[in-house]
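Each chain, written out:
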Amino acid sequence: MNEMEQSDFLAGLRAGKGKQGSPETARDPVNQAMIRHWCDAMEDHNPVYTDVEFASRSIHGGIVAPPAMLNAWGMRGLEPSHSRPDRARESSGQIYGALDAAGYTSVVATNSEHEYPRYLRLGDELSAVSLLEDVSDEKKTALGVGHFVTTLTDYRDQHDELVGRMRFRILKFKPGTGAGGSGVDGESSPAAKSARPQPGISRDTAFFWQGLEEGELRVQQCDRCEILHHPPMVRCPECGSREFGWIVSSGRGTVYSFVEPVHPNFAAFDPPYVVGLVELEEGTRLLTNIVDLDPESVRVGMPVEVNLARRNSERTLPFFRPQRPPRREMTRKFSGIEVGAELDPTPIPISATLIVATAIASRDYQDVHHDRELAIQRGSPDIFMNILTTSGLCARYVTDWAGPGALLKSLSIRLGVPNYPHDTMTMSGSVLSAEAGRVEVGLRGYNRLGNHVTGSVELELPESEAPSNRDRG
Ligand code: ZN
């Protein structure tokens, strides 16, 4: 297209700006089965979503839906709304059609902003009205040249009460016109690395390396005095015995000490990397790498767990990553919140099962989220996580930290590089502001390619630790 044609084309796209579509009714009322699928797939164990007794005693007075499910209720499953003739006449349907016809056939979601005026309850019947808010000029992104399309959707219940609002931005782009990077930000896949040096294995240490291959972290134990040693010894320094067995460690421990080597640069260790000394629950210490975490986020005393993996090694090695912090059972008080406080980093292993289960739990049947062959045909190296799941995991991270009495008021996320299987997304966050019972938490989820998500969540916290605090009221 020349400049004139391009501007006509854009004007055509933008003709529908600000016009509302007709209401679209969710196919099912808010129900426990879909909530349970979502919570199972997201591993979100907040009891207000599934535990009738707990929920009835909570500030909600009964079961509520995870707020991040907002747009899942209206998803059409195998029948995407813009492919249906009755929707094609509407502004967003027309836009997608016009962009497809002009060669912008690929689509990726880039931003999602939710507002939650109230939590949805079982039986709520939602209807959604969308309007086209904006179409960008043609942009060059790492994925390809394309237009960002922004829609604003209002969700109302059976009494016409506004219960949710979503601003959603997608990129419609021409496949094959990008720089070959991953995601809108274009960080490319890590180059093939040289292999790690191999450990020297002796008769005395073979049990340790064999254990790793069998999925066990073993610690040498003296047969006579039962003392544990690591690294393995030839002769017990306590009792002089030369007879040893081993125990299997729980794999849990804490960071005793660590260092981030920067020079010389060993490519095989995939810099930046952290060498850590981990003290196991059993008491012995082990030299290892702390992984799935920015070097600057590693802390002495941090709870870690073993991750047996190869990571460009011919052998299975024991790496350590942060433990998922326990879900908070007592809701934090607003008065106890300090601006700048950090949330504990939380690794979320990304498996194909997680990507597929969460896509289906959010009724998103786009092939790139479950069909590897088709994803590859579309230029992606593998299936990748959908944006509803990213929203759900961000919400889970913050509510696990805040407790079940926290009210999510809004969630705003921007996607960067994709989450592919066999990676780990580590969530980190900090308190950005705290005012009049409202707390804003900034968060980030990063994987081996870079930032998968950045954004923020707004919460309302009680002044006292509701509901079981006796001092209340
Ligand atoms: Zn001994």
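Each remark here, short or long, concerns the structure printed above.
Please read these numbers as outputs of a predicted model, since none were measured by experiment.

Q: Kindly report on helix α7 (residues 352–361), identifying the contributing residues and their values.
A: Considered for burial, the residues of α7 that qualify are Leu354, Ile355, Thr358, Ala359 and Ala361. Along the axis of α7, the buried residues cluster in a sector spanning 165°; they form a single face. Residues of α7 that are buried make contact with α2 (32–42), β15 (342–350) and α9 (387–402). In the stretch just after α7, arginine 363 is the one whose phi turns positive, near 55°.

Q: Describe the pairing of strand β18 (residues 438–447), and please don't skip the residues or the numbers.
A: Across the 10 residues that make up β18, a large majority, seven, are buried. Sheet topology note: the strand β17 (residues 423–435)/β18 ladder contains nine bridges and is antiparallel. Bridge pairing links threonine 426 to tyrosine 446 in β18. In textbook terms, the turn of a hairpin is the stretch between consecutive antiparallel strands, and for β17 and β18 this stretch comprises two residues, one of which, alanine 436, has a positive phi near 50°. Bridging between β18 and strand β19 (residues 450–460) involves 10 bridges; their strand directions are antiparallel. By the bridge assignment, arginine 444 is partnered in β19 with threonine 454.

Q: Can you lay out the side chain of asparagine 386 for me, pointing to particular residues and giving the numbers?
A: With respect to the helices and strands, the residue asparagine 386 is situated in the loop between α8 (372–377) and α9. A distance of 3.0 Å separates the side chain of asparagine 386 from the side chain of serine 362, its partner in a polar contact. When neighbours within four sequence positions are excluded, asparagine 386 is seen to be in contact with Ala359, Ser362, Asp364 and His369.

Q: Hey, could you go over the layout of surface pockets for me, with residue numbers and the actual values?
A: Of the pockets and cavities examined, the second largest pocket occupies roughly 690 Å³. For the second largest pocket, the lining is made up of 28 residues, of which Asp270, Pro272, Asp292, Asn447 and Arg448 are closest to its centre. Among the elements of the structure, β12 (285–290), β17, β18 and β19 are those that each provide at least two residues to the lining of the second largest pocket. Looking at the lining of the second largest pocket residue by residue, the class counts come to 12 nonpolar, seven polar and nine charged.

Q: Just give me the short version of the sheet that holds strand β7 (residues 218–222), but keep the residues and values in it.
A: Pairing in this open sheet of three strands is antiparallel, and the strands run β8-β7-β9 from one edge to the other. A single partner strand is all that each edge strand has here, and the edge strands are β8 (228–229) and β9 (244–248). Strand direction decides the pairing type here: β7 and β9, joined by five bridges, are antiparallel. Within the sheet, the bridge partner assigned to glutamine 221 lies in β9 and is glycine 245. Relative to β7, helix α6 (residues 206–213) is tilted by about 145°, and along the sheet it contacts β7 and β9.

Q: Talk me through the coordination of the zinc ion; I want residue IDs and the actual numbers.
A: Bound to the zinc ion are the protein donor atoms Cys222 (SG), Cys225 (SG), Cys236 (SG) and Cys239 (SG), situated 2.3 to 2.4 Å from the metal. Considering all four donor atoms around the zinc ion, the spread of angles at the metal, 101 to 116°, places the coordination shape in the tetrahedral class. In this structure cysteine 225 comes out as partly exposed when scored by relative accessible area, which is 30%.

Q: Got a sec to walk through the packing of aromatic side chains? Specific residues and values, please.
A: Following the criterion strictly, the structure yields four aromatic pairs and no others. Aromatic side chains phenylalanine 266 and phenylalanine 269 sit 6.1 Å apart centroid to centroid with 75° between the ring planes, which places their arrangement in the edge-to-face category. Take phenylalanine 266: its relative accessible area is 44%, and that puts it in the partly exposed class. Relative accessible area serves as the criterion here: at 22%, phenylalanine 269 is assigned to the partly exposed category. What links up through ring pairs into an aromatic cluster is the set Phe266, Phe269 and Tyr273. Positioned above the aromatic ring of tryptophan 246, the side-chain terminus of arginine 218 is 3.8 Å from the ring centre. Cation over ring: arginine 311 sits above phenylalanine 319, and NZ or CZ is 5.2 Å from the ring centre.

Q: I'd like to hear about helix α1 (residues 3–14), residue by residue, with values.
A: Helix length check: α1, at 12 residues, gives a terminal C-alpha distance of 16 Å against a target of 16 Å (1.5 Å per residue), a fit within 8%. By the burial criterion, the buried members of α1 are Gln6, Phe9, Leu10 and Leu13. Down the axis of α1, the sector holding all buried residues measures 100°, keeping them to one side. Exposed and facing more than 90 degrees away from the buried side of α1 are Met4 and Asp8. Structurally, the start of α1 carries an N-cap: the backbone nitrogen of methionine 4 is 3.0 Å from a side-chain oxygen of asparagine 2.

Q: With reference to specific residues and values, describe a nonpolar patch on the surface.
A: A surface patch of nonpolar side chains, amounting to about 300 Å² of accessible area, comprises Leu78, Ile360 and Tyr365. Looking at the element boundaries, leucine 78 is found in the loop between α3 (52–57) and α4 (85–88).

Q: Would you mind going over the nonpolar core in detail, with residue names and values included?
A: Residues Ile35, Trp38, Trp73, Ile95, Val398, Trp401 and Leu459 are the most contacted members of the largest nonpolar core, which totals 79 residues. Counting residues per element, this core draws most heavily on α9, which supplies nine residues. Beyond its immediate sequence surroundings of up to four residues, tryptophan 38 is in contact with Pro66, Ala68, Met69, Ala72, Ala361, Ser362, Leu388 and Gly392. Listed in part, the 22 residues of the second largest apolar core include Val278, Leu286, Val304 and Leu317.

Rules and cut-offs
Residues numbered from 1 in each chain as written. Predicted model: local features only at pLDDT ≥ 70, side-chain atom pairs only at ≥ 80, totals over all residues. Heavy atoms only, no water. Buried < 20%, exposed > 50% of the residue type's maximum accessible area, 1.4 Å probe, protein only. Helix = DSSP H or I, 4+ residues; strand = E, 2+ residues; numbered from the N terminus. Arc of directions from axis to C-beta. Contact = heavy atoms within 4.5 Å. Pairing = 2+ DSSP bridges. Polar contact = N/O pair within 3.5 Å; in protein donor to acceptor, adjacent residues only side chain to side chain. 1 Å grid on protein atoms, 1.4 Å probe; cavity = no way out; pocket = protein on both sides within 12 Å on 5 of 7 lines; lining within 4 Å. Points joined across faces, edges and corners; volume = space filled by probe spheres on them. Nonpolar A, V, L, I, M, F, W, Y, C, P; charged D, E, K, R; others polar. Axes fitted to C-alpha atoms, helices over the stretch in contact; angles between N-to-C directions. Donors = N, O, S within 2.8 Å, 3.2 Å for Na, K, Ca; no water. Tetrahedral: all angles 85-135°; square planar, octahedral: opposite > 155°, others 65-115°. Phe/Tyr/Trp six-rings, centres within 6.5 Å; stacked < 30°, edge-to-face > 60°. Lys NZ or Arg CZ within 6 Å of the ring centre and 35° of its normal. Expected span 1.5 Å × (residues − 1). Patch = residues over 30% accessible without salt bridge, like charges linked within 9 Å, V, L, I, M, F, W, Y side chains within 5 Å. Areas by Shrake-Rupley, 256 points an atom, 1.4 Å probe, with all protein chains shown as cover. Salt bridge = Lys/Arg side-chain N within 4 Å of Asp/Glu carboxyl O. Core = buried A, V, L, I, M, F, W, Y, C linked by side-chain atoms within 4.5 Å.

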